[in-house]
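Results of the structural survey
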Amino acid sequence: MRIISGIHRSILIQPPKGLPVRPTTDRAKESLFNIIENNFDIDTLIVLDIFSGTGNIAYEFASRSAIDITAVDVNEKCVNFIKSVKDKLKLNTLKVLKKDAFAFLNNAPQKYDIIFADAPYAHKQIIDIPRIVNTNQLLTEKGWLIVEHESLLDLDKEPGFFDKRVYGQSAFSFFKV
């Protein structure tokens, strides 16, 4: 896994073996950030990365100078790993929290410009994420929710859906207010 762009461009990050994760591929991540950069000024964004896992997406936002990034994961090993990378790379705009993603979404302390959700593909509540974000009004006026999921899952009937991009067996579904 590597950071693709920004001040930490090309830095390789090796998560320890045994983390229960499936990091977003570099190809899919590069495509995703091309879409984001064409629609947002990243250095003005407040970002929430839920089911953060290795922190892959959070590091990319931090490297590209997003002003506030919150990474949330329930797994203590994942959280400790993200904190170690944060400290090593001095990612001062990154906050790391050990919490259940759904509990966090139901009690989020603020609104976000980007919410990135990459739940385990087998998680039965993936389809609830857009509704919870919408119900709790967690996006800013022009904000986006991006849900990474298996490509066969269809979220186009969920509130705020506006696009889906497929990269092999993975897909990103995009939602807005």
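For the structure, see preceding data.
This section reports on the structure supplied with the text. (Residues numbered from 1 in each chain as written. Predicted model: local features only at pLDDT ≥ 70, side-chain atom pairs only at ≥ 80, totals over all residues. Heavy atoms only, no water.)

1. Quick notes on the sheet that holds strand S2 (residues 68-73)
Keep this limit in mind: At least two bridges found by DSSP between two strands is the condition for calling them paired. Each helix corresponds to a stretch of at least 4 residues labelled H or I by DSSP, and each strand to a stretch of at least 2 residues labelled E; elements are numbered beginning at the N terminus. Only C-alpha atoms enter the line fits that serve as axes; for helices the fit covers just the stretch in contact. Angles between N-to-C directions range over 0 to 180 degrees. Note on definitions: a residue-residue contact is assigned when non-hydrogen atoms from the two residues lie within 4.5 Å.
Strand order in the open sheet formed by seven strands is S3-S2-S1-S4-S5-S7-S6, with mixed pairing between adjacent strands. The sheet terminates laterally at strand S3 (94-98) and strand S6 (161-167), the two strands that pair on one side only. Across the sheet, the mean angle from the axis of one strand to that of its neighbour is 15 degrees, orientation sign disregarded. Most of the contacts of helix H1 (residues 26-37) go to S6, to which it runs at about 150 degrees, and overall it touches strand S4 (112-117), strand S5 (139-150), S6 and strand S7 (170-176). Across the sheet, helix H3 (residues 76-89) touches S2 and S3, and the angle it forms with S3 is around 165 degrees.

2. Details of helix H2 (residues 56-63)
An α-helical turn contains 3.6 residues, so any two residues separated by three or four positions project in the same direction. Condition: Categorising residues by exposure relies on relative accessible area from a 1.4 Å probe, with only protein chains included: less than 20% of the type maximum marks a residue as buried, more than 50% marks it as exposed, and the intermediate range marks it as partly exposed.
Burial runs high along H2: eight of the eight residues are buried. Buried within H2 we find Asn56, Ile57, Ala58, Tyr59, Glu60, Phe61, Ala62 and Ser63. Two residues or fewer after H2 comes serine 65, characterised by a positive phi angle close to 70 degrees.

3. Re the pairing of strand S1 (residues 46-50)
Taking burial as the measure, the five residues of S1 include four buried ones, the bulk of the element. In this sheet, S2 lies alongside S1 in parallel orientation, the contact comprising five bridges. Each bridged residue has a counterpart across the sheet, and for isoleucine 46 the counterpart in S2 is aspartate 68. Note that S1 and S4 share four bridges and pair parallel. Within S4, the residue paired with valine 47 across the bridge is isoleucine 114.

4. A word on the packing of H1 against H2
The test is simple: Working definition: roughly parallel below 35 degrees, roughly antiparallel above 145 degrees, roughly perpendicular at 65 to 115 degrees, and oblique for all remaining angles. Left-handed is the label given to a crossing in which the near helix is rotated counterclockwise from the far helix by less than a right angle, and right-handed is the label when the rotation is clockwise.
Interhelical geometry of H1 versus H2 gives an angle of 45 degrees and a closest axis separation of 12 Å. By the angle between their axes, H1 is oblique relative to H2. When the axes of H1 and H2 are compared, the crossing they make is right-handed. Two secondary-structure elements touch here, H1 through Lys29, Leu32, Phe33 and Ile36 and H2 through Asn56, Ile57, Glu60 and Phe61.

5. Examining the pattern of salt bridges
Pairing between side chains becomes possible if they bear opposite charge and their charged atoms approach one another. The criterion, for reference: Note on definitions: salt bridges are taken to be side-chain nitrogens of Lys or Arg within 4 Å of carboxyl oxygens of Asp or Glu.
Taken as a whole and assessed by the stated rule, the structure comprises 11 salt bridges. A salt bridge links aspartate 128 to arginine 131; the shortest N-O distance between them is 3.8 Å. Residue lysine 157 pairs with aspartate 156 through a salt bridge whose shortest N-O separation is 3.9 Å.

6. With respect to unusual backbone geometry
Positive phi, close to 75 degrees, is recorded for serine 10, a residue that is not glycine. Summarising the element assignment, serine 10 is placed in the segment before H1. Overall, serine 10 belongs to the partly exposed group, its relative accessible area being 46%. For serine 65, which is not glycine, the phi dihedral falls at a positive 70 degrees. Relative to the assigned elements, serine 65 resides in the loop between H2 and S2.

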